[in-house]
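Examination of the molecular architecture
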Amino acid sequence: IYKGDVSGEKVGRINGLAVYRIGDFVFGMPCVLSAVTGPGTFSGIVNIERKVGLGGRVQQKSVDIVSGHLINRYSQEMLIPLYAQLVFEQSYGFIDGDSASVAELLVIISNLTGIPIDQAKAITGSLNQHGGVQAIGGANYKIEGFYETCKALGKGELSGGQGVLIPKDNINDLMLKEEVIEAVERGEFHVWAISTVEEAAEIMFGKPWRKIDTTIKEALKRYTEIAKSNKTEPKKEDDNTKLNGD
C-alpha cells in the first residue's frame, strides 16, 4: 500500500516507481525512497534492503553504481566525508532491479543539501556511473500506476503539476491508455523524458543544476569541517612520565 504523497515538497523523500505481478495481473505503483546522510567516512551507501535480505543483487549493484557516480563526480576535489543510508519505506517484500537508481541518487542529494523534492512527480530510470540515464522496463505500467494514484489521492482530480520522469530511451516504448494521453494533452498530467541525472535533478528540485551542484559541494565541505573539528590530537607523554617496569 502506497504511503507517500503526490503533492507538496519534502527533503530526503522521493517517489520511485515499481511494477508488481500477481498471477497474470501486472500493474505499476509508486514507492517511497528515503535517505539520511551525515559526516563520516564514505565506504559506499548503506543499502537497508540488501542488509536485511530484502534486496537482490541487481538492486545492490544499482546502489553501488550510485556510490561510483558520487566518487567519480566529487572525490576528484576532496575525500568524500559522507555517510549515506538508503531505504524503501514500508516495503516488506523482495526488491530487485536497477530502475530506481536515479531516484536513489536524487534522494541522497536532497538529504545532503536540504533541497526539497517535488512530491507531485515520480521518477524511474537506471543510472550509469557517469550520470547517464538508461532505459528501464514497464514504463507504461509505471506511468499509468502513478496517474491512477494521483487521481485516487486527489479524489478524481489532478493538480496539473503531477507527472512522471522516464528515460528518453523509453519514449518509443510508450503505449499509454487513452485517458492518460488525454490528460497529458490537456496539461493535467506530464511525462518528462530525461537522458542525464542533471536533467532529472532540475525537474525534481526545481532549480538549475549549477546551483544544485554548488550546494552539494558546500555541504560536503561542511561535513569535512565537522569531521576535522571532532578529531582529537593524541595525548603526548610527559617527559617525566616513566613506563612501568623502568
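What this report covers is the structure whose coordinates are included nearby. Values in this document were obtained by computation on a predicted structure and should not be read as measured data. Numbers given for residues are sequential positions, taken from 1 along each chain in its written order. Reporting of local features is limited, given that this is a predicted model, to residues whose pLDDT is at least 70; pairs of side-chain atoms are given and counted only at 80 or more, and all residues count toward the totals for whole chains, interfaces and linings. As a convention, hydrogens and water are excluded, and side-chain values are obtained from all of the structure's heavy atoms.

1. A short note on the overall build of the protein chain
Think of it this way: any DSSP run of H or I at least four residues long counts as a helix, any run of E at least two long counts as a strand, and we number them from the N terminus. Assigned secondary structure in the protein chain consists of 7 helices and 11 strands. Oriented by its inertia axes, the alpha-carbon framework of the protein chain measures out at about 90 × 40 × 30 Å. Expressed as a percentage of the 246 residues in the protein chain, the buried residues total 45%. Sequence separation of 24 or more characterises 77% of the internal contacts of the protein chain that already satisfy a separation of 6 or more. Note on areas: Shrake-Rupley, 1.4 Å probe, and residue coverage restricted to the protein chains presented here. Carbon and sulfur atoms make up 50% of the accessible area of the protein chain, which totals about 13200 Å². With a 1.4 Å probe rolled over the protein chains alone, any residue whose accessible area is under 20% of its type maximum counts as buried; one over 50% counts as exposed, and the rest are partly exposed. Two residues form a contact once any of their heavy atoms are found within 4.5 Å.

2. Things to note about helix α6 (residues 197-205)
Within the sequence span of α6, burial applies to Val197, Ala200, Ala201, Met204 and Phe205. Projected down its long axis, α6 carries its buried residues within an arc of 105°, all on one side. Immediately beyond the C-terminal end of α6, within one or two residues, lies Gly206, with a positive phi of roughly 70°. It is the directions from the helix axis to the C-beta atoms that the arc portrays.

3. Concerning the packing of aromatic side chains
Centres within 6.5 Å make a pair out of two Phe, Tyr or Trp rings, where for Trp the six-membered ring is used; the pair is then stacked when the planes are under 30 degrees apart, edge-to-face when over 60, and tilted otherwise. Per the counting criterion, the structure on display carries 4 aromatic pairs. Taking the centre distance of 6.5 Å and the plane angle of 45° together, the rings of Phe146 and Phe189 count as tilted. With Phe146 in helix α4 (residues 139-153) and Phe189 in strand β11 (residues 189-194), the pair connects residues that are 43 residues apart, well separated along the chain. Each of the two residues, Phe146 as well as Phe189, counts as buried. What links up through ring pairs into an aromatic cluster is the set Tyr20, Phe25 and Phe27.

4. Details of the packing of helix α2 (residues 57-74) against helix α3 (residues 101-113)
Axes here mean lines fitted to C-alpha atoms, for a helix over just the part in contact, with angles spanning 0 to 180 degrees between N-to-C directions. Two elements in contact, α2 and α3, have axes separated by 9 Å at closest approach and are oriented at 50°. Between α2 and α3, the angle is such that the two are oblique. With respect to the hand of their crossing, α2 and α3 are arranged in right-handed fashion. In contact with Gln59, Ser62, Val63, Val66, His69 and Leu70 of α2, α3 contributes Ser101, Glu104, Leu105 and Ile108. Any angle between 65 and 115 degrees counts as roughly perpendicular, while under 35 counts as roughly parallel, over 145 as roughly antiparallel, and the rest as oblique. By convention, the crossing between two helices is left-handed when the near helix turns anticlockwise from the far helix through less than a right angle, and right-handed when the turn is clockwise.

5. As for the pattern of salt bridges
We define a salt bridge as a side-chain nitrogen of Lys or Arg found within 4 Å of a carboxyl oxygen belonging to Asp or Glu. Tallied over the entire structure, the rule returns 7 salt bridges. Salt bridges sharing partners connect three or more residues here, namely Glu77, Asp213 and Lys217.

6. Remarks on the environment of Gly38
Turning to its location among the elements, Gly38 is positioned in strand β3 (residues 25-39). Residues Gly38 and Ala18 lie 20 residues apart in sequence; the distance between their C-alpha atoms is 28 Å. Ignoring anything within four residues of it in the chain, the contact list for Gly38 reads Pro81, Leu82, Tyr83 and Tyr223.

7. Comments concerning the state of the cysteines
We call a pair of cysteine sulfur atoms a disulfide when they lie within 2.5 Å. Scanning the model with the defined rule gives 0 disulfides in all. We note that Cys31 lacks a disulfide partner, and the nearest cysteine sulfur, in Cys150, lies 14 Å from it. Residue Cys150 is classed as buried on the basis of its relative accessible area of 1%.

8. What to know about unusual backbone geometry
Positive phi is not limited to glycine here, since Gln90 has a value of about 50°. Secondary-structure assignment places Gln90 in the loop between β5 (82-88) and α3. Note on Gln90: relative accessible area 44%, which makes it partly exposed. A positive phi angle, near 55°, is found at Lys155, a position not held by glycine. Within the fold, Lys155 resides in the loop between α4 and β10 (162-167).

9. Comments concerning the side chain of Lys142
Inspection of the secondary structure puts Lys142 in helix α4. For the buried Lys142, no salt bridge exists, and the shortest N-O distance to an oppositely charged side chain is 7.6 Å, to Asp98. Within polar-contact distance, the side chain of Lys142 engages the side chain of Ser99 at 3.1 Å. For Lys142, the side chain forms a polar contact with the main-chain oxygen of Gly137, separated by 3.3 Å. Excluding its chain neighbours within four sequence positions, the residues that come into contact with Lys142 are Leu17, Ala18, Val19, Gly28, Ser99, Thr124, Ile136 and Gly137. Counted as positive: Lys and Arg. Counted as negative: Asp and Glu. His and the chain ends are not counted at all. We call two N or O atoms a polar contact when they sit within 3.5 Å, provided that within protein one can donate a hydrogen and the other can accept it, with sequence-adjacent residues counted only if both atoms are side-chain atoms.

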